[in-house]
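Structural description and commentary
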Amino acid sequence: MKQDIQQIKEKVRGFITDRFLKNAGHNAPLDSTPLISGGIMDSISTMQLVTFLEKEFNFEFQAHEVDRDNLDTIDLISNFVASKTGE
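Quick look at the structure, then. (Residues numbered from 1 in each chain as written. Predicted model: local features only at pLDDT ≥ 70, side-chain atom pairs only at ≥ 80, totals over all residues. Heavy atoms only, no water.)

**A word on the pattern of salt bridges**
Under the definition given, this model contains six salt bridges. The residue Asp31 makes a salt bridge to Lys9 at a minimum N-O spacing of 3.2 Å. Of this pair, Asp31 sits in the loop between helix H1 (2–21) and helix H2 (43–57) while Lys9 sits in helix H1, and the two are 22 residues apart along the sequence. We classify Asp31 as partly exposed; its relative accessible area is 22%. According to the relative accessible area criterion, Lys9 is buried, its value standing at 11%. (Salt bridge = Lys/Arg side-chain N within 4 Å of Asp/Glu carboxyl O. Helix = DSSP H or I, 4+ residues; strand = E, 2+ residues; numbered from the N terminus. Buried < 20%, exposed > 50% of the residue type's maximum accessible area, 1.4 Å probe, protein only.)

Here it is in structure tokens:
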């Protein structure tokens, strides 16, 4: 399970870095970097992340799951994805 979580984290970190931080001059976010509450991602970028996660990991979010509790850090995102995909 550890390996699977790490793979999820790396895919998510790569997506966030390439999509939202590449031209901003920021380094790749840490596992605990606040993405939404820290202002790195807004509502539009959050929906882009949700679309990426659904396609990449083959599951669907429920409307109530698209929130900071599940998407504010790479740790939260990877744990949520693992719980949805059985990793």
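**Description of the packing of H2 against helix H4 (residues 74–85)**
Two quantities define a packed helix pair, namely the angle between the axes and the distance from one axis to the other. As a packed pair, H2 and H4 sit with axes 11 Å apart at the nearest point and diverge in direction by 40°. As the angle between them shows, H2 and H4 are arranged oblique. In the packing of H2 onto H4, the handedness of the crossing is right-handed. Mapping the contact onto sequence places Leu49, Leu53 and Phe57 in H2 and Ile77, Val81 and Thr85 in H4. Each residue belonging to the contact of H2 with H4 can be placed in one class, and the counts come to five nonpolar, one polar and no charged. (Axes fitted to C-alpha atoms, helices over the stretch in contact; angles between N-to-C directions. Parallel < 35°, antiparallel > 145°, perpendicular 65-115°, else oblique. Left-handed = near helix turned anticlockwise from the far one by under 90°. Contact = heavy atoms within 4.5 Å. Nonpolar A, V, L, I, M, F, W, Y, C, P; charged D, E, K, R; others polar.)

**Points about the nonpolar core**
Counting residues in each nonpolar core, the largest one holds 22 residues, and the members touching the most others are Ile16, Leu49, Leu53 and Ile77. Among the secondary structure elements, those contributing two or more residues to this core are H1, H2 and H4. If you tally residues by element for this core, the top one is H1, at seven residues. The residues touching Leu49, leaving out its near neighbours within four places in the chain, are Phe15, Ile16, Met41, Leu71 and Ile77. (Core = buried A, V, L, I, M, F, W, Y, C linked by side-chain atoms within 4.5 Å.)

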